[in-house]
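# Topology and contacts: notes
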Number of protein chains: 2
Amino acid sequence: MHKEHNLTKNQQIIFNLIDKSSEPLKAYTILSNVQKKGIKAPLQVYRALDKLVEIGKIHKIESRNAFIACQNSSCQVSKATAFSICESCEKVTEISNSNLSKYLSNFKDKAGMKYSKYNLEFFGLCKKCITK
Amino acid sequence: MHKEHNLTKNQQIIFNLIDKSSEPLKAYTILSNVQKKGIKAPLQVYRALDKLVEIGKIHKIESRNAFIACQNSSCQVSKATAFSICESCEKVTEISNSNLSKYLSNFKDKAGMKYSKYNLEFFGLCKKCITK
DNA sequence: CTAAAAAGCGTTATATTATAACATATTAAC
DNA sequence: GTTAATATGTTATAATATAACGCTTTTTAG
């Protein structure tokens, strides 16, 4: 079992929005969607995002500057993340593959660097978009 | 053999700067360093960067919004990139490991997506920083 | 060759993403 | 119940990136 994080009000509002979204959300999209709930400033959004990323409830898709909810119950802290990104429809899916994560977590480069984290983004066309 | 790209003046100026740098450079750092050479506006920098990325002469480190020269003669088009990033000194190295690239290029996820590209960033502490 | 297409350039303005700084409030730990 | 840590609200601003326009140069195909 992992530590339960009791989200604060702002964190909960923002997590709920991201969690129910079918696509990654950008910070200012989030802002415009939560203004009716009293979150008025970018910084309020970024602070909540920072915390949610830190505790692994959401992930940042670096190539898109957007955020999605963690779809992988085992990555409570986001130290090993992999995503597939459709370059046509922009659908993003978190990849949960123990073979892949094992391979990458054990990867050693020749420079002798000690890795504590990785992020992998695959790009291509999803099934739907291939046939278009 | 791959296609030789003749860089234009702006592209060459900017590539030279990135290539001789020991660390990833940000767009506005680049701008301030090439103003004496007549490149005055952000867009001139971004256009050159876009092209240099497209032809594989440089790569963007997504987590840092910064650019480094390709250190891997075989990746003329940047479709398969991997980097190690030291979270202490911010040193970035391009990983050139045929086992890794083979593994990732052949990776198939269960969603049946066809991948044409990937980018992997490892984070940790480099040898120097571990002992500090 | 040479005309047409493609790529690049220079410039101004502006959009988008993210953080600094400061005062106050809430929560958790002892 | 005081203290330390975390979170909040707010204003301002920094940092990153693109839109739109007109013009020039280079490449390509006939």
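Going by the structure above, here's the rest.
Residues numbered from 1 in each chain as written. Chains lettered and ligands numbered in written order. Predicted model: local features only at pLDDT ≥ 70, side-chain atom pairs only at ≥ 80, totals over all residues. Heavy atoms only, no water.

Take the protein's contact with DNA strand D next. Inspection of the region around DNA strand D gives 15 residues, with A:Gln44, A:Arg47, B:Lys26, B:Leu43 and B:Lys60 positioned closest. In the model, a base nitrogen of DNA strand D is placed 2.4 Å from a nitrogen or oxygen of the A:Arg47 side chain. Contacts to DNA strand D include B:Lys60, whose side-chain N or O atom sits 2.7 Å from a phosphate oxygen. Going through the elements one at a time, α1 (9-20) and α3 (42-54) of chain A together with α3 (42-54) of chain B are the ones with two or more residues in the surface near DNA strand D. Broken down by element, the residue count for the surface near DNA strand D peaks at four residues, all from α3(A). By residue class, the composition of the surface near DNA strand D is five nonpolar, five polar and five charged. (Near = heavy atom within 4 Å. Polar contact = N/O pair within 3.5 Å; in protein donor to acceptor, adjacent residues only side chain to side chain. Helix = DSSP H or I, 4+ residues; strand = E, 2+ residues; numbered from the N terminus. Nonpolar A, V, L, I, M, F, W, Y, C, P; charged D, E, K, R; others polar.)

Quick look at the protein's contact with DNA strand C now. Surrounding DNA strand C, one finds 15 residues, the nearest of these being A:Lys26, A:Leu43, A:Lys60, B:Gln44 and B:Arg47. Contacts to DNA strand C include B:Asn10, whose side-chain N or O atom sits 2.9 Å from a phosphate oxygen. In this structure, a phosphate oxygen belonging to DNA strand C sits 2.6 Å away from a side-chain N or O atom of B:Gln44. Of all the secondary structure elements, the ones that give two or more residues to the surface near DNA strand C are α3 of chain A together with α1 (9-20) and α3 of chain B. Considering each element in turn, the surface near DNA strand C owes the most residues, four residues, to α3(B). Grouping the constituent residues of the surface near DNA strand C by class yields five nonpolar, five polar and five charged.

Let us now look at the relation of the copies chain A and chain B. Superposition of the two copies of the chain requires a rotation about an axis and a shift along the axis. Overlaying chain A with chain B gives an RMSD of 0.0 Å, the required rotation being 180° about an axis along which the chain moves by 0.0 Å. Put plainly, the chains are arranged around a two-fold axis. Among all C-alpha atoms of chain A, that of A:Leu120 lies closest to the rotation axis, at 2.2 Å. In this assembly, 100% of the residues forming the interface of chain A have copies in chain B that are likewise at the interface, indicating an isologous arrangement. (Least-squares fit on C-alpha atoms with pLDDT ≥ 70 in both. Contact = heavy atoms within 4.5 Å.)

Glancing now at the sheet that holds strand β5 (residues 114-125) of chain A. Spatially, six strands are ordered β4(A)-β3(A)-β5(A)-β5(B)-β3(B)-β4(B) in an open sheet, and the strand pairing comes out mixed. With one partner strand each, in any of the chains shown, β4 (92-94) of chain A together with β4 (92-94) of chain B form the two edges of the open sheet. In this sheet, neighbouring strand axes are inclined to one another by 20° on average, regardless of whether the strands run parallel or antiparallel. Note: strand β3 (residues 80-86) of chain B against β4(B), three bridges, orientation antiparallel. Looking across to β4(B), one finds that B:Ile85 is bridged to B:Val92. Taken strand by strand, helix α4 (residues 98-105) of chain A contacts β3 (80-86) and β5 of chain A together with β5 (114-125) of chain B, and its axis lies near 135° from that of β5(A). Lying on the sheet, helix α4 (residues 98-105) of chain B is in contact with β5 of chain A together with β3 and β5 of chain B; it crosses β5(B) at an angle near 135°. (Pairing = 2+ DSSP bridges. Axes fitted to C-alpha atoms, helices over the stretch in contact; angles between N-to-C directions.)

Right, let's get into the packing of aromatic side chains. What the rule picks out here adds up to nine aromatic pairs over all chains. Note on A:Tyr115 and B:Phe122: the rings are 4.3 Å apart at their centroids and 20° apart in plane angle, and the pair reads as stacked. With A:Tyr115 in strand β5 and B:Phe122 in strand β5, the pair connects residues from two separate chains. The buried category is assigned to A:Tyr115, whose relative accessible area is 17%. Owing to a relative accessible area of 1%, B:Phe122 belongs among the buried residues under this scheme. (Phe/Tyr/Trp six-rings, centres within 6.5 Å; stacked < 30°, edge-to-face > 60°. Buried < 20%, exposed > 50% of the residue type's maximum accessible area, 1.4 Å probe, protein only.)

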